[in-house]
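What follows is the residue order along each chain.
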Number of protein chains: 2
Amino acid sequence: MSDGFGGELAQVGGTLVTMARAARESMRQASAALLSSDHALAQQVTERDAEIDVLSRVLEDRVYELVARQPDGRNVTKLMTAIRVAAHLERMGDLAVHVARAALRRHPGPAVVPELAELFSAMSAVADDLAGKIVSALTDHDAVLAAQLDADDDVMDELHRRLFGVMLSQEWPMGVEGAIDGALLGRFYERYADQAVNVGRHVASLVTDPA
Amino acid sequence: MSDGFGGELAQVGGTLVTMARAARESMRQASAALLSSDHALAQQVTERDAEIDVLSRVLEDRVYELVARQPDGRNVTKLMTAIRVAAHLERMGDLAVHVARAALRRHPGPAVVPELAELFSAMSAVADDLAGKIVSALTDHDAVLAAQLDADDDVMDELHRRLFGVMLSQEWPMGVEGAIDGALLGRFYERYADQAVNVGRHVASLVTDPA
């Protein structure tokens, strides 16, 4: 592998880091918009999403070009993995947009009923933690950090279960609309965490793969 | 491009057709299980999912190997696209499993309350139609058919909107649990259709791409 090619691989990695930061920031802002009914902030998240999508297309084009130019078993696997990571990060951005849109739909009212605010605050903290670890793992090629994501995801799954427990309890006073919003928002956070775990697995395999 | 390589490309295409058939059959059975509370059928869907996942891994391995062996701008793009199509088909299989699990969760009761049965029957028909068109488009490399998927997806989106209209109407008698099930199931069908549209776009670009 020439130094030039190594430099181009590093550039692809740099784009992934930028995408991961954007996917984290989007969900962070979407969560803040959701929990404080902040219309402008939610709007901002939906507008930024196009940037993540463009980055993903740029990365794909660059990878296709590199693969066509530099046939090498090892690099092909790495470059394919970069495309898969980009697809997961793009999806994380989409899920942040779904959260932001839920906030916009109920504005000026809250999309999260008071009974669920604490749970969604906890879910958004776990989501931010997962996304932060992805940024670090991609930046530092840190397989150990990447491997920790599974445990964080277990916390998210537990919060998700508690959410349904609250909504299905006899004491649930918020009616159908609040429950539908809660169910869908819960799913967005759970999927965001799943995508983050997928990114972590790819990073772990990239770093530890001897090939 | 040697004939041998063309044959290997065709083999990759054949695996995609097999996956598409399985993703269609899974959702067809999941829908039947959902609408008739058929426990055994729902169970079958969850078990078959592993087959789709294995096919996806087999396809990926073969593509990596082909890319590494046969550097060629045109084929690289095609092979990358095959991986993306496989990822969408795998996701369609996952969504069928989600529908089947919803049926299992409420068994022996129905996961779809009577008020929503007709809507979900319509959504499952659209899903099956979309999946059938994907199978045909992949089999016949039919870009025209692939391009029709967008219109079918509009029908699904309209059904999805009606679903929320029914659940949020004043007359909704089924309480929170029925609404949560309805909201999540609605999302599974909507996402299944989205994934099908993505497959259609990839097929259309493969067939019409001059490169």
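Quick note: structure is the one above.
Residues numbered from 1 in each chain as written. Chains lettered and ligands numbered in written order. Predicted model: local features only at pLDDT ≥ 70, side-chain atom pairs only at ≥ 80, totals over all residues. Heavy atoms only, no water.

Trainee: I would appreciate a short explanation of the interface of chain A and chain B in the present structure.
Mentor: Each partner contributes to the interface: chain A provides 29 residues, whereas chain B provides 29 residues. Approximately 2,500 Å² of surface area, both sides summed, lies buried where chain A meets chain B, with 71% of it carried by carbon and sulfur atoms. When the buried area of chain A at its contact with chain B is split by residue, A:Tyr64, A:Arg84 and A:Arg187 rank highest and sum to 23% of it. Between B:Arg84 and A:Glu60 there is a salt bridge, with its nearest N and O atoms 2.0 Å apart. Linking chain A to chain B there are 4 residue pairs in polar contact (both at pLDDT 80 or more). Going through the elements one at a time, α2 (39–69), α3 (73–106), α6 (149–167) and α7 (175–208) of chain A are the ones with two or more residues in the side of chain A that touches chain B. (Contact = heavy atoms within 4.5 Å. Buried area = accessible area lost by both parts, 1.4 Å probe. Salt bridge = Lys/Arg side-chain N within 4 Å of Asp/Glu carboxyl O. Polar contact = N/O pair within 3.5 Å; in protein donor to acceptor, adjacent residues only side chain to side chain. Helix = DSSP H or I, 4+ residues; strand = E, 2+ residues; numbered from the N terminus.)

Trainee: Explain the packing of helix α4 (residues 114–140) of chain B against helix α6 (residues 149–167) of chain B here, please?
Mentor: Packed helix pairs are characterised by how far apart their axes lie and by the angle those axes make with each other. Residues and elements named next belong to chain B. For the pair α4 and α6, the least separation of the axes is 10 Å and the interaxial angle reads 165°. Here α4 lies roughly antiparallel to α6, going by the angle between them. Regarding α4 and α6, the two cross each other, and that crossing is left-handed. For the pair formed by α4 and α6, the contact residues are Leu-116, Leu-119, Phe-120, Ala-122, Met-123, Val-126, Ala-127, Asp-129, Leu-130, Lys-133 and Ile-134 on the first element and Leu-149, Asp-152, Asp-153, Val-155, Met-156, Leu-159, His-160, Arg-162, Leu-163, Val-166 and Met-167 on the second. The residue makeup of the contact of α4 with α6, split by class, is 16 nonpolar, 1 polar and 5 charged. (Axes fitted to C-alpha atoms, helices over the stretch in contact; angles between N-to-C directions. Parallel < 35°, antiparallel > 145°, perpendicular 65-115°, else oblique. Left-handed = near helix turned anticlockwise from the far one by under 90°. Nonpolar A, V, L, I, M, F, W, Y, C, P; charged D, E, K, R; others polar.)

Trainee: Teacher, can you tell me more about the packing of aromatic side chains here?
Mentor: Aromatic ring pairs are described here by two measures, namely the spacing of the ring centres and the angle between the planes. Residue and element names in this part refer to chain A. Summed over the entire model, instances satisfying the criterion amount to 2 aromatic pairs over all chains. Ring geometry for Phe-120 against Tyr-189: centres 5.9 Å apart, planes inclined by 50°, an arrangement best described as tilted. Linking Phe-120 in helix α4 (residues 114–140) with Tyr-189 in helix α7, this pair joins segments that are 69 residues apart in sequence. Relative accessible area serves as the criterion here: at 0%, Tyr-189 is assigned to the buried category. (Phe/Tyr/Trp six-rings, centres within 6.5 Å; stacked < 30°, edge-to-face > 60°. Buried < 20%, exposed > 50% of the residue type's maximum accessible area, 1.4 Å probe, protein only.)

Trainee: What am I meant to see in the pattern of salt bridges here?
Mentor: Opposite charge on two side chains permits them to pair, given that their charged atoms come into close proximity. Residues and elements named next belong to chain A. Taken as a whole and assessed by the stated rule, the structure comprises 30 salt bridges over all chains. Across the pair Glu-158 and Arg-161 runs a salt bridge whose closest N-O atoms are separated by 3.3 Å. Of this pair, Glu-158 and Arg-161 are both found in helix α6, 3 residues apart, which corresponds to roughly one turn of the helix. Given the relative accessible area of 55%, Arg-161 is considered exposed. One connected set of salt bridges, linked through shared partners, spans Arg-24, Glu-25, Arg-28 and Asp-128.

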